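An overview of the molecular structure
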Amino acid sequence: FAKESRYAFKGPYYYTNHLNEVKLKDTLSEYVGPLKYLGYQDTYFIVALIPEKKGIKNYRATFRKVDRFVEEFILWTPEFTLKPGESYEFPFKLYMGPKRTEDMKKEYPLLAKALYFGIFDFIAKPLLYLLKLSHRFTHNFGWDIIIITILLRVLFFPLNHLSYKSMKGLKELQPIVQKLREKYKDDPQKLNQEIMRIYKTHKVNPFSGCLPILVQIPVFIAFYKVLLMSIELRHAPF
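The paragraphs below set out a description of the structure included in this document. (Residues numbered from 1 in each chain as written. Predicted model: local features only at pLDDT ≥ 70, side-chain atom pairs only at ≥ 80, totals over all residues. Heavy atoms only, no water.)

What follows is about the sheet that holds strand β2 (residues 19-21). Reading across from one edge, β2-β1-β4-β5-β8 is the order of the five strands in this open sheet, with antiparallel pairing throughout. Edge positions in the sheet fall to β2 and β8 (92-98), since each has one partner strand and no second. Across the sheet, the axes of successive neighbouring strands diverge by a mean angle of 20°, strand direction being ignored. Pairing between strand β4 (residues 37-41) and strand β5 (residues 45-51): four bridges, direction antiparallel. Within β5, the position partnered with Leu38 by the bridge is Leu49. (Pairing = 2+ DSSP bridges. Helix = DSSP H or I, 4+ residues; strand = E, 2+ residues; numbered from the N terminus. Axes fitted to C-alpha atoms, helices over the stretch in contact; angles between N-to-C directions.)

Written out as structure tokens, the structure is:
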């Protein structure tokens, strides 16, 4: 497994109807309930144990930190009783490989859900698709990153323009605001009223400079996670 990154999850996990990342502590962690698969992952690679026994509603899995360098996950077989001459099979599939969506889907459709980019996953997945789509034509991830960055800048141009206009308007009003601060320095309530009146008169919204930037932050965080965690970019030249 790769060196641990503070920005990408590394450790055991299990999948029920969604992905559950296990934050290991000094004590044993346990899960009992429905289970699609479980395993261990780092930034680029994954181990997944997929039970294939039908009719089992609840599983038991345990997770623990053995020492500084060793972490453990165990899938326990359900309790069963054997009579003389009887046998019991517990089949499962094991996937050990890269967190490449196409490979994981081929082995087990839900396994692709293990590629999780965090709270902005719903933004990151389309960006990853665009990155791969661009790569079909350029065959170079360096150019793909440049192309998508330019597309994002074009997409957000109206918001950036709005932010620039607002900041420019606020800058032009600074001398007036400064005079008001001197005039009403002993009356904060009156000062705020006068400042808001000036903004309203000149049709300047003090918040419109920040909001467009806040809207863009999740997109660029998601794009950063895509560049950090996508196996396709591992060891890619330029």
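From this point on, the discussion continues.
With that settled, the discussion passes to the packing of helix α4 (residues 157-183) against helix α6 (residues 211-229). Look at α4 against α6: their axes get within 8 Å of each other, and the N-to-C directions meet at 145°. For the pair α4 and α6, contact is made by Leu159, Asn160, Leu162 and Ser163 and by Pro212, Ile213, Val215 and Gln216, respectively. (Contact = heavy atoms within 4.5 Å.)

Turning our eyes to something else, we now look at a nonpolar patch on the surface. Nonpolar side chains collect at one region of the surface, where Trp143, Ile146, Ile147, Ile150, Leu151, Val154 and Phe238 lie side by side and expose about 710 Å² of accessible area between them. Looking at the secondary structure, you find Leu151 in helix α3 (residues 141-155). (Patch = residues over 30% accessible without salt bridge, like charges linked within 9 Å, V, L, I, M, F, W, Y side chains within 5 Å. Areas by Shrake-Rupley, 256 points an atom, 1.4 Å probe, with all protein chains shown as cover. Salt bridge = Lys/Arg side-chain N within 4 Å of Asp/Glu carboxyl O.)

Relative to the assigned elements, Thr43 resides in the loop between β4 and β5. With a relative accessible area of 6%, Thr43 lands in the buried category. When the C-alpha positions of Thr43 and Leu115 are compared, they lie 9.3 Å apart, and in sequence the two are 72 residues distant. (Buried < 20%, exposed > 50% of the residue type's maximum accessible area, 1.4 Å probe, protein only.)

A few words now on helix α2 (residues 121-138). For α2, which comprises 18 residues, the first-to-last C-alpha distance of 25 Å matches the rise-based estimate of 26 Å (1.5 Å per residue) to within 8%. Taken together, the buried positions of α2 are Asp121, Ile123, Ala124, Leu127, Leu128, Leu131, Lys132 and Ser134. All buried residues of α2 fall inside an arc of 165° around its axis, so they share one side. Summarising the geometry of α2, the exposed residues directed more than 90 degrees from the buried face are Phe122, Arg136 and Phe137. (Expected span 1.5 Å × (residues − 1). Arc of directions from axis to C-beta.)

With that out of the way, let us pick up the packing of aromatic side chains. Considering all chains together, one arrives at eight aromatic pairs under this definition. Taken together, a centroid distance of 5.8 Å and an interplanar angle of 25° make the contact between Tyr14 and Phe63 stacked. Of this pair, Tyr14 sits in strand β1 (residues 11-15) while Phe63 sits in strand β6 (residues 59-65), placing them 49 residues apart in sequence. For the residue pair Tyr14 and Phe63, the accessibility class agrees, reading buried in each case. Among the aromatic residues, those joined into a cluster by ring pairs are Tyr13, Tyr15, Tyr37 and Tyr108. Positioned above the aromatic ring of Tyr88 is the side chain of Lys53, whose terminal nitrogen or guanidinium carbon lies 4.9 Å from the ring centre. (Phe/Tyr/Trp six-rings, centres within 6.5 Å; stacked < 30°, edge-to-face > 60°. Lys NZ or Arg CZ within 6 Å of the ring centre and 35° of its normal.)

Attention shifts here to the pairing of β5. The element β5 is extensively covered by neighbouring structure, given that six of its seven residues are classed as buried. Two successive antiparallel strands, β4 and β5, enclose a turn made up of three residues. Bridging between β5 and β8 involves seven bridges; their strand directions are antiparallel. If you follow Pro51 over to β8, its bridge partner there is Phe92.

A few words now on the packing of α3 against α6. Two elements in contact, α3 and α6, have axes whose closest approach is 12 Å; the angle formed by their N-to-C orientations is 170°. One element, α3, and the other, α6, form an angle in the roughly antiparallel class. Contact with α3, carried on its side by Ile145, Ile148, Thr149, Leu152 and Arg153, involves Gln216, Val219, Phe220, Phe223 and Leu227 of α6 and no other residues of that element. Its residues assigned to classes, the contact of α3 with α6 comprises seven nonpolar, two polar and one charged. (Parallel < 35°, antiparallel > 145°, perpendicular 65-115°, else oblique. Nonpolar A, V, L, I, M, F, W, Y, C, P; charged D, E, K, R; others polar.)

This part takes up α6. Here α6 is 19 residues long and its end C-alpha atoms lie 28 Å apart, about the 27 Å a rise of 1.5 Å per residue gives. At Ile217, α6 shows its largest bend, some 25°, and a proline, Pro218, comes one to four positions later. Where α6 is concerned, the buried positions are Pro212, Gln216, Pro218, Val219, Ala222, Phe223, Lys225, Val226, Leu228 and Met229. Where the residues of α6 are buried, they touch α2, α3 and α4. (Bend = angle between axes of the 7 residues up to and from the residue.)

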